[in-house]
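Next come the chains, spelled out residue by residue.
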2 protein chains.
Amino acid sequence: MATKTAPDQNRRSERSRRAIYDAALSLVGEVGYPKTTIEAIAARAGVGKQTIYRWWSSKAEVLLEAFLDLGEQAADAAAEAAGKEPGQAYAIPDTGDLEADLKYVLRATVDELLDPRYAAPSRALAAEGIVNRELGARFVEQLLEPSLQLYVQRLRAAQDAGDVRADVDLRIGLELFVSPLAQRWLQGTGPLSHDYADRVVEYALYGLIPR
Amino acid sequence: MATKTAPDQNRRSERSRRAIYDAALSLVGEVGYPKTTIEAIAARAGVGKQTIYRWWSSKAEVLLEAFLDLGEQAADAAAEAAGKEPGQAYAIPDTGDLEADLKYVLRATVDELLDPRYAAPSRALAAEGIVNRELGARFVEQLLEPSLQLYVQRLRAAQDAGDVRADVDLRIGLELFVSPLAQRWLQGTGPLSHDYADRVVEYALYGLIPR
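Residues numbered from 1 in each chain as written. Chains lettered and ligands numbered in written order. Predicted model: local features only at pLDDT ≥ 70, side-chain atom pairs only at ≥ 80, totals over all residues. Heavy atoms only, no water.

**Q** Go over the overall build of chain A with me, naming the residues and quoting the values.
**A** Of the regular secondary structure elements, chain A holds 10 helices and zero strands. In chain A, the succession of α and β elements from N to C terminus is α-α-α-α-α-α-α-α-α-α. Based on the C-alpha atoms only, the size of chain A along its principal axes is roughly 70 × 40 × 25 Å. A total of 211 residues make up chain A; the buried ones form 47% of that total. With an accessible surface of roughly 10200 Å², chain A has 51% of that area assigned to carbon and sulfur atoms. Measuring between centres, the 25 positive side-chain charges of chain A sit 6 Å from its 31 negative side-chain charges. (Helix = DSSP H or I, 4+ residues; strand = E, 2+ residues; numbered from the N terminus. Buried < 20%, exposed > 50% of the residue type's maximum accessible area, 1.4 Å probe, protein only. Areas by Shrake-Rupley, 256 points an atom, 1.4 Å probe, with all protein chains shown as cover. Lys, Arg positive; Asp, Glu negative; His and termini not counted. Charge placed at Lys NZ, Arg CZ, Asp CG, Glu CD.)

**Q** Before we move on, can you summarise the relation of the copies chain A and chain B with the specific residues and values?
**A** Rotating chain A by 180 degrees about the axis while translating it 0.0 Å along that axis superimposes it on chain B, leaving an RMSD of 0.0 Å. In symmetry terms, the pair is related by a two-fold rotation axis. Rotation axis and chain A: the residue whose C-alpha lies nearest the axis is G207 of chain A, separated from it by 1.8 Å. A shared interface surface links the copies, since 100% of the contact residues of chain A are contact residues in chain B too. (Least-squares fit on C-alpha atoms with pLDDT ≥ 70 in both. Contact = heavy atoms within 4.5 Å.)

**Q** Could you give an account of the interface of chain A and chain B, naming the residues involved and the relevant values?
**A** Between chain A and chain B, the contact holds 47 residues from the first and 47 residues from the second. A combined buried area of about 4500 Å² lies between chain A and chain B, and 62% of that area is made up of carbon and sulfur atoms. Between R184 of chain B and E175 of chain A there is a salt bridge; the shortest N-O distance is 2.6 Å. Counting across the chain A and chain B interface gives 24 residue pairs in polar contact (both at pLDDT 80 or more). Contributing elements (two or more residues each) for the side of chain A that touches chain B: α6 (116-131), α7 (133-160), α8 (170-173), α9 (175-187) and α10 (194-206) of chain A. Looking at the side of chain A that touches chain B element by element, the count peaks at 12 residues for α9 of chain A. Here the residues of the side of chain A that touches chain B sort into 27 nonpolar, eight polar and 12 charged. (Buried area = accessible area lost by both parts, 1.4 Å probe. Salt bridge = Lys/Arg side-chain N within 4 Å of Asp/Glu carboxyl O. Polar contact = N/O pair within 3.5 Å; in protein donor to acceptor, adjacent residues only side chain to side chain. Nonpolar A, V, L, I, M, F, W, Y, C, P; charged D, E, K, R; others polar.)

**Q** Hey, could you go over the packing of aromatic side chains for me, with residue numbers and the actual values?
**A** On inspection of all chains with the given rule, the structure shows six aromatic pairs over all chains. Seen in terms of ring centroids, Y118 of chain A and W185 of chain A are 6.2 Å apart; in terms of plane orientation they differ by 45 degrees. Their pairing is tilted. Note that Y118 of chain A is positioned in helix α6 and W185 of chain A in helix α9, a separation of 67 residues in sequence. Members of the aromatic cluster, each reached through a chain of ring pairs, are Y21, W55 and W56 of chain A. The ring of W55 of chain A has R17 of chain A lying over it, and the distance from NZ or CZ to the ring centre is 4.7 Å. The ring centre of Y33 of chain B lies 4.3 Å from the NZ or CZ of K59 of chain B, which sits over that ring. (Phe/Tyr/Trp six-rings, centres within 6.5 Å; stacked < 30°, edge-to-face > 60°. Lys NZ or Arg CZ within 6 Å of the ring centre and 35° of its normal.)

**Q** Can you lay out the nonpolar core for me, pointing to particular residues and giving the numbers?
**A** Counting 100 residues, the largest nonpolar core has F177 of chain A together with I52 and F177 of chain B as its most contacted members. Beyond its immediate stretch of four places on either side in the chain, F177 of chain B contacts L208 of chain A together with L102, L106, L155, V200, V201, A204 and L205 of chain B. (Core = buried A, V, L, I, M, F, W, Y, C linked by side-chain atoms within 4.5 Å.)

**Q** Got a sec to walk through the side chain of R154 of chain A? Specific residues and values, please.
**A** Locating R154 of chain A in the fold gives a position in helix α7. Look past the residues within four positions of R154 of chain A in its chain and what remains in contact with it is I92, P93, D94, T95, G96, D97, L98 and D101 of chain A.

**Q** Help me get a handle on helix α6 (residues 116-131) of chain B, residues and values and all.
**A** Residues and elements named next belong to chain B. With 16 residues, α6 ought to run about 22 Å at 1.5 Å a step, and its terminal C-alpha atoms sit 24 Å apart, in line with that. Of all 16 residues in α6, 12 are buried, a share of seventy percent or more. Taken residue by residue, α6 has Y118, A119, P121, S122, R123, A124, L125, A126, A127, E128, G129 and I130 as its buried positions. Sitting at the head of α6, D115 places a side-chain oxygen 2.9 Å from the backbone nitrogen of R117. (Expected span 1.5 Å × (residues − 1).)

**Q** Talk me through the side chain of E128 of chain A; I want residue IDs and the actual numbers.
**A** All names here are of chain A. Structurally, E128 can be placed in helix α6. Buried and unpaired, E128 has no salt bridge, with K59 as the nearest side chain of opposite charge at 6.8 Å. Excluding residues within four positions of it along the chain, E128 makes contact with Y33, P34 and L135.

**Q** So, the pattern of salt bridges: which residues are in play, and what are the values?
**A** Following the criterion strictly, the structure yields 32 salt bridges over all chains and no others. Shared partners join several salt bridges into a network, and the residues in it are E145, R171 and E175 of chain A together with R184 of chain B.

**Q** Quick rundown of the environment of L155 of chain B? Include the residues and the values.
**A** For L155 of chain B, the location among the structural elements is in helix α7 (residues 133-160). Excluding residues within four positions of it along the chain, L155 of chain B makes contact with L98, L102, V164, L170, L174 and F177 of chain B.

**Q** So, the packing of α9 of chain A against α7 of chain B: which residues are in play, and what are the values?
**A** Contact geometry for α9 of chain A and α7 of chain B: axes closest at 10 Å, N-to-C directions at 120 degrees. Classified by the angle between their axes, α9 of chain A and α7 of chain B sit oblique to one another. Between α9 of chain A and α7 of chain B, the contacting residues are Q183, W185, L186 and Q187 of chain A on the first element and R133, F139, V140 and L144 of chain B on the second. When the residues that make up the contact of α9 of chain A with α7 of chain B are grouped by side-chain class, the tally is five nonpolar, two polar and one charged. (Axes fitted to C-alpha atoms, helices over the stretch in contact; angles between N-to-C directions. Parallel < 35°, antiparallel > 145°, perpendicular 65-115°, else oblique.)

Taken by themselves, the reported measurements are silent on function.
Set out below in structure tokens:
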């Protein structure tokens, strides 16, 4: 309708966009990536197929944006819980206590990985990314690597403060914290808990040999 | 044929069994787990479907045994290369130098993960295990956990020798070595190399903080 004002249109678009994200995430969690179609996403979201094609060129695009949006929502919720402005949570806290800051963020990661809204769709996308290397590469580039770089930033600040050895390759070092959780979550090799996250942080920071 | 002697039958069975393993592994790498069927495995192996059903009850059984066999072959080849009897390689070497022993085994793991015979089928099985939790649990129980227990054994010997702190939970500690390689391999978050494996061992043993 030509008489609609721009803010109204934006609100409507925003509602459709959110409905499409929700539909895409729930579908991929239920039937897997290969069987998730633009048609099914449109039907569940209650929009026309053309609405989706106007904004995105493929289901991979829809899903990647849906996950980015889910991550932003989680970060904003965390910021609100911590009494900060939305957007401020896109960094690992730096209280000057590296061990405490890493435990904080890994415990939050455990909570997110155990959140049922997140678990099924991310598992489906991760599984597809393992066999579909083009999708996997985009998943890493757009979703995973940006979040890993937050660890690089926090570890670099610690390195500058003398709390991490100067010769440590931080891009490798962060994997000692992140990868154990990722493998337990992806492959089910063990349970995830706050206590487990704490142990991983302690071992990675101080090593396994006697101090 | 009733006139066949038992050794002849065993040789024939062994040849069929190996042909079925090869067919199952190559098919799952090519078309993925869901599209790999007993019929297709039988056709590629040049045996009747009934031959497969005589020995195994499902394609999951065939694949798990095919992977176990592949692992045994790799271990026997490693034992031969090291001048040992087949079977002796089912332990991480214990030269008394924990760092050297872990670097040795993680470098060998990198080589195995980069071996094309191994890569496509294991990736397909890992991807399926992420979304098919029953298969994933069997994959962990029969393939993954037994190999992780080899790390527990080696780390326990190191703990007894005073080379690993007495309060370290070894089942968690081993993940600092193993999970970073697993995540790079599964999710393509970075390249695998001997140099990378060495860094992971050093960081995990000595930690990231100044010594």
